[in-house]
Amino acid sequence: GYKGQNQGGGHMLDGAAFEDYMVHPQRAGAEDPEAFFLMTSKVHLPTLHHALRSSYKVADGQRAPKQSSLPSMCPAHELTENSSDTWAPYEDMPQLRRFVSDRCGLEETAVGEAMLVFWDSVVQLPRPQNDVVHYAQGARFAVSRDRIRQRS
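Let us look at the structure shown here. (Residues numbered from 1 in each chain as written. Predicted model: local features only at pLDDT ≥ 70, side-chain atom pairs only at ≥ 80, totals over all residues. Heavy atoms only, no water.)

**Here's the deal with the nonpolar core**
Okay, step 1: Among the nonpolar cores identified, the biggest contains nine residues, and these are Val 43, Leu 45, Leu 48, Val 100, Val 111, Leu 116, Trp 119, Val 123 and Val 133.
Okay, step 2: If you tally residues by element for this core, the top one is helix α3 (residues 111-123), at four residues.
Okay, step 3: Residue contacts for Val 43: discarding those within four places in its chain leaves Leu 48, His 49, His 50, Asp 131, Val 132, Val 133 and Tyr 135. (Core = buried A, V, L, I, M, F, W, Y, C linked by side-chain atoms within 4.5 Å. Buried < 20%, exposed > 50% of the residue type's maximum accessible area, 1.4 Å probe, protein only. Helix = DSSP H or I, 4+ residues; strand = E, 2+ residues; numbered from the N terminus. Contact = heavy atoms within 4.5 Å.)

This is how it looks when you write it as structure tokens:
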């Protein structure tokens, strides 16, 4: 599992294999045969606070819970008796805020608003619920050519 930036580990979610990304379109019952995502991270745009999937990030000496089947696209919002896969608490990411501030020539206090302006002016989609964007850490996903060209 993932151990944190520059701390080692991989980006593959436990329970998923590289082959899952290759054969997904042919998988019987695939929700969306043109795309396969396992969300491992989420970011709150106004604060840049991040949360990782509990089955994705592992601390030294910790073992990720073994998945007996392909994980769902997103984990549960809360732990249940049937699942040990949930979202970890949000963490502040001051180094990311500083990086964005430096790259964009903004004061750190203006970065959150700039993220929302970027979403509205460049992404041009309705803002996600609660301004939280979910994504596949490490760019592990599969998408068909038609899906990629859909918005061009």
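**Notes on the side chain of Thr 40**
Okay, step 1: By the secondary structure assignment, Thr 40 is in the loop between β1 (35-37) and β2 (41-44).
Okay, step 2: Residues within four places of Thr 40 in sequence aside, it is in contact with Leu 13, Ala 51, Leu 52, Arg 53, Tyr 56, Trp 87, Tyr 135, Ala 136 and Gln 137.

**A look at the sheet that holds β2**
Okay, step 1: One open sheet holds the three strands; their spatial order is β3-β2-β4, and the pairing between them is antiparallel. Edge positions in the open sheet fall to β3 (49-52) and β4 (132-135), since each of these has one partner strand only. For this sheet the average axis-to-axis angle between neighbouring strands, irrespective of direction, equals 20°. (Pairing = 2+ DSSP bridges. Axes fitted to C-alpha atoms, helices over the stretch in contact; angles between N-to-C directions.)

**Considering helix α2 (residues 94-104)**
A turn of α-helix holds 3.6 residues, and therefore any two residues three or four places apart point the same way.
Okay, step 1: Buried residues of α2: Arg 97, Val 100 and Ser 101, and no others. Burial along α2 is one-sided: seen end-on, the buried residues are contained in an arc of 100°. Seen from the buried face of α2, the exposed residues on the opposite side, beyond 90 degrees, are Asp 102 and Arg 103.
Okay, step 2: Taken together, the buried residues of α2 touch α3.
Okay, step 3: Immediately downstream of α2, the backbone of Gly 105 shows phi near 65°, a positive value. (Arc of directions from axis to C-beta.)

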